[in-house]
Number of protein chains: 2
Amino acid sequence: MKISDLGEFGLIDRIRGMLPDQTPDVIVGIGDDVAVLRGNGDTVWLVTCDVQVEGSHFLLGAVSPRDLGHKALAINLSDIAGTGGSPRFALISLGLPKDLPVGFIDALYTGLRAEAEASGTAIVGGNISGSKLGFFIDIFLMGEAPEQEVLLRSGARPGDKILVTGSLGDAAAAVAMHLDPTLGTRDDYRRLAFQRFNRPTPRLKEGRLIAKTRNAAAMLDISDGLAGDLDHLCERSGVGARVHADRLPVLPENRILSQEKHGNEWHFSIFGGEDYELLFTAPLDTAETLARTIAAETGTPVSIIGEILPLSEGRQLVLPDGRVVPLEQKAWDHLRS
Amino acid sequence: MKISDLGEFGLIDRIRGMLPDQTPDVIVGIGDDVAVLRGNGDTVWLVTCDVQVEGSHFLLGAVSPRDLGHKALAINLSDIAGTGGSPRFALISLGLPKDLPVGFIDALYTGLRAEAEASGTAIVGGNISGSKLGFFIDIFLMGEAPEQEVLLRSGARPGDKILVTGSLGDAAAAVAMHLDPTLGTRDDYRRLAFQRFNRPTPRLKEGRLIAKTRNAAAMLDISDGLAGDLDHLCERSGVGARVHADRLPVLPENRILSQEKHGNEWHFSIFGGEDYELLFTAPLDTAETLARTIAAETGTPVSIIGEILPLSEGRQLVLPDGRVVPLEQKAWDHLRS
C-alpha cells in the first residue's frame with residue numbers, strides 16, 4: 001500500500017496508533033494543528049510546525065522569496081491564532097540547493113523578519129541543510145496562552161453558532177486566476193486576491209481576543225477550506241453542523257468568479273483553501289455580542305454563518321433557495337491531491 | 001553569489017545579522033545547535049531541530065527506515081544532551097513522495113517510538129506534507145533543564161581540561177568502509193562501526209549528570225567531528241585549545257583503518273563526523289574527579305584529551321611524537337560539501 005492510498009489523515013491516524021498513550025502534560029497531542037503542552041504555572045505551550053516544499057506548495061519562479069518568508073511564518077502564526085494563543089519563539093529549518101543565490105535567503109528573511117516583528121515572535125534558531133531535492137522551509141513555532149483560555153477544535157456543542165472572521169475564498173480565486181488566465185475580474189480585486197494568497201494575515205489579535213472573552217467554545221484556523229476545517233471541528237467535537245450559503249462572508253467579485261468557474265457562488269468560499277481566517281463557535285446567547293465585540297475592537301468583520309447540530313444531523317449546506325444539501329468535506333489532503 | 005560560496009556558517013552569520021537583537025527571554029538564540037529560552041520559574045526551554053534529507057544525508061536504499069527513525073530523533077536528542085538538558089516533546093515533520101510504501105512509515109515510526117521511549121520524549125505532533133522532491137524528515141525537539149545547570153559552548157576558560165565521552169571516529173570509519181569496500185576490518189568492529197553510524201546513542205544520561213555536578217564549564221555534542229565542534233566551542237568561548245592525539249579515545253581497529261585510509265591514526269577521530277559523543281570542559285581541579293564520576297555512574301568511558309588555552313595560542317594538535325601542529329578546523333559544512 002502506498003501512502004497516497006491511505007491519505008494524509010489516514011496516515012496521521014495510523015501514526016497515532018503506533019505511538020504510546022500520551023502523558024498528562026500533553027493536553028492535546030497528535031492529530032491537531034497545534035499541540036498543547038502543560039508548562040509551569042497555569043500557562044500552556046502551544047507548538048506547531050508547517051513546511052513549504054518547492055514543487056508541492058509553491059514554484060520557485062511563481063512566488064517572490066520575500067512573500068515566501070512572510071507566508072511560511074504566517075501559516076504557523078495562523079495555527080497559534082486558531083487556539084487563541086500568542087506566538088513566542090520560532091525555529092527555521094531550511095533545505096537549500098547549493099546553487100541558490102544568497103539574495104534569495106536575504107529576501108526570504110526580510111519577509112520572515114517582518115512577519116516575526118509584526119507578531120512579536122522571536123526567531124531563535126533553526127537548521128540549515130543542503131538539499132539535492134530542491135528548496136524547502138519548515139518552521140517550528142512555540143506560542144503560549146493561559147490554560148483556561150486555550151480554544152480547541154473539540155469544544156463545539158449543538159446549539160452553538162458558527163462564526164468566521166474576514167472573508168472567504170479569495171486565495172482560492174487567486175489560484176484559479178493563476179491557473180486559468182481567461183478568468184477576469186476587476187484589477188483591485190485581482191490584487192487583493194493575490195495579496196491574500198501570497199501574504200495571508202494571521203488573525204492573531206482576533207484569536208487572542210476571542211479566547212480572552214471566554215465566550216467561544218471551539219476554534220481553529222481555516223487552512224484546508226471551510227468545509228474541510230469545519231469537518232475537523234465536527235469530528236473532534238462529535239457534532240454535526242449547518243452552514244447557510246447566503247451568510248458566508250464572500251466579496252461580490254469572488255461570487256462572480258466562483259459562478260463563472262464552478263457554476264455556483266460559494267465554491268471558492270466553501271472548498272477553497274488557504275484563507276487563514278478563524279472558524280469558531282459560541283453558545284447562542286453570546287454569539288452575537290461576541291461577533292460585534294471582536295469586529296468593533298479589531299476592525300475585522302465577523303459573520304455568523306450557521307449553527308452546530310447534533311452528530312446525527314450530519315453536515316448540511318443550506319442553499320440560497322432554501323434547499324438543504326450535504327456539505328461535502330473535500331478537505332485538502334496533502335498526499336492525495 | 002551562491003550560498004555555496006558563503007557556506008553554512010557564513011550563511012548563519014548573515015541571517016543573524018538580518019534579525020533584530022534578541023529579547024531577554026532568549027538566553028541563547030541563533031548560531032548554536034540549541035536555543036535556550038527563559039520559561040516560567042527557574043526552568044529554561046531548550047529547543048532544537050535537525051533535518052535528514054534524502055540524497056544529502058542518506059540514500060533511501062542504503063539505510064533501513066527503522067534506523068532512519070532512530071537516527072533522526074537521536075541526533076536531536078544528542079543536541080539536548082549537549083546542553084545537559086532532558087528531552088520532553090518532539091514534533092515530526094515529514095516530506096513524503098506519494099508512492100512511498102506505508103510500510104516505510106511504519107518502520108520509521110517503530111524507530112522513532114523506540115528512541116522516544118528510551119529517552120522519555122513524547123511525540124506530540126508534526127506535519128505531513130507531500131514532497132515531489134523526495135523524502136525528508138525534520139524533527140523539532142523541546143527539552144528543559146534548571147537554568148543554573150544548562151551548559152553552553154561559551155563557558156570554556158583557559159586552564160580547563162577538555163573531556164570527551166565514549167569513543168571517536170567509529171561512524172567515520174563506517175562511512176569510509178561503505179564507500180571503499182576494499183577497507184577491511186574485524187567483523188565485530190565492522191558491526192560496531194555501522195551500529196554507531198546507523199543508530200547513534202545520544203548521551204543523555206551522561207549530559208544530565210555532567211550538568212548536575214555543576215563542575216563542567218562548557219559542553220556540546222560532537223556531530224561535525226571533534227575538530228569542527230571544538231572549533232565551535234573555542235570560537236564561542238573566545239579561547240584556544242590543545243588536543244593530544246595519543247589521548248583520544250579511539251578503538252584499536254579504528255586507528256588501523258584510519259592509518260590505512262589517511263596515513264595517520266587519528267584522522268577519523270578528529271575529522272570524522274557523527275560521533276554524537278559529548279565534548280566538554282572542566283576546571284583543572286575538578287576534571288579528573290568529574291571524569292571518574294561520570295564513567296562510574298554511567299558505564300561510559302570519559303577521557304581527558306587536552307586543555308583550553310588562551311585565544312592567542314590558537315588550536316593545536318600534539319602528535320604522538322611530541323610535535324605540535326595546527327589543529328585544522330574542517331568542520332562539516334552542509335552547504336559546501
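What you see is a predicted model; the values in this text were computed from it and never measured. (Residues numbered from 1 in each chain as written. Chains lettered and ligands numbered in written order. Predicted model: local features only at pLDDT ≥ 70, side-chain atom pairs only at ≥ 80, totals over all residues. Heavy atoms only, no water.)

Here's the deal with the domain arrangement of chain A
Residue and element names in this part refer to chain A.
- Each assigned domain of chain A is listed with its residue range as follows: domain 1 (32-149) and domain 2 (161-326).
- Taken together, the contact pairs 24 residues of domain 1 with 19 residues of domain 2.
- Summed over both sides, the interface between domain 1 and domain 2 buries roughly 1900 Å², with carbon and sulfur atoms accounting for 49% of that surface.
- Of all residues in domain 1, Lys-71, Ser-78 and Glu-149 bury the most surface against domain 2, accounting for 29% of the area lost on that side.
- For the interface between domain 1 and domain 2, the tally reads four salt bridges.
- A salt bridge links Asp-67 to Arg-199; the nearest nitrogen and oxygen atoms lie 2.4 Å apart.
- In this structure, the connection of domain 1 to domain 2 is made through eight residue pairs in polar contact (both at pLDDT 80 or more).
- Breaking the side of domain 1 that touches domain 2 down by element, the ones donating at least two residues are helix H2 (65-81), strand S4 (86-96) and helix H3 (102-119).
- A per-element tally of the side of domain 1 that touches domain 2 places H2 first, with ten residues.
- Here the side of domain 1 that touches domain 2 is built from residues that sort into seven nonpolar, nine polar and eight charged. (Domains from an automatic or database assignment. Contact = heavy atoms within 4.5 Å. Buried area = accessible area lost by both parts, 1.4 Å probe. Salt bridge = Lys/Arg side-chain N within 4 Å of Asp/Glu carboxyl O. Polar contact = N/O pair within 3.5 Å; in protein donor to acceptor, adjacent residues only side chain to side chain. Helix = DSSP H or I, 4+ residues; strand = E, 2+ residues; numbered from the N terminus. Nonpolar A, V, L, I, M, F, W, Y, C, P; charged D, E, K, R; others polar.)

Quick look at the interface of chain B and chain A
- Listed by partner, the interface residues are 74 residues for chain B and 74 residues for chain A.
- When chain B packs against chain A, close to 6400 Å² is buried across both sides, 65% of that on carbon and sulfur atoms.
- Per-residue buried area on chain B facing chain A is highest for Lys-98, Ile-128 and Leu-133 of chain B; these three make up 11% of the total on that side.
- Between the two partners, chain B and chain A, sit two salt bridges.
- The residue Asp-106 of chain B makes a salt bridge to Arg-14 of chain A at a minimum N-O spacing of 2.5 Å.
- Seen at the junction of chain B and chain A, the total is four residue pairs in polar contact (both at pLDDT 80 or more).
- Looking at the side of chain B that touches chain A, the elements that each hand over two or more residues are helix H1 (3-18), strand S1 (26-28), strand S2 (35-38), strand S3 (43-53), strand S4 (86-96), helix H3 (102-119), strand S5 (122-130) and strand S6 (136-146) of chain B.
- In terms of residue class, the side of chain B that touches chain A is built from 38 nonpolar, 20 polar and 16 charged.

Quick word on the sheet that holds strand S8 (residues 218-222) of chain A
All names here are of chain A.
- Sheet architecture is open: seven strands sit in the order S8-S10-S7-S11-S9-S12-S13, paired in mixed fashion. Looking at the sheet topology across the chains shown, the edges are occupied by S8 and strand S13 (324-326). The average angle at which neighbouring strand axes cross in this sheet is 25°, direction not considered.
- Taken together, the four bridges between strand S9 (residues 239-244) and strand S12 (residues 315-318) define a ladder with parallel strand orientation. Note on S12: the bridge partner recorded for His-244 is Val-318.
- Lying over the sheet, helix H6 (residues 204-213) contacts strand S7 (161-165), S8 and strand S10 (277-282), oriented at roughly 15° with respect to S10. (Pairing = 2+ DSSP bridges. Axes fitted to C-alpha atoms, helices over the stretch in contact; angles between N-to-C directions.)

A short note on the pairing of S5 of chain B
Residues and elements named next belong to chain B.
- Of all nine residues making up S5, eight are buried, and the element is well covered by its neighbours.
- Bridging between S4 and S5 involves eight bridges; their strand directions are parallel. Across the sheet, residue Leu-96 finds its bridge partner in S5, namely Gly-130. (Buried < 20%, exposed > 50% of the residue type's maximum accessible area, 1.4 Å probe, protein only.)

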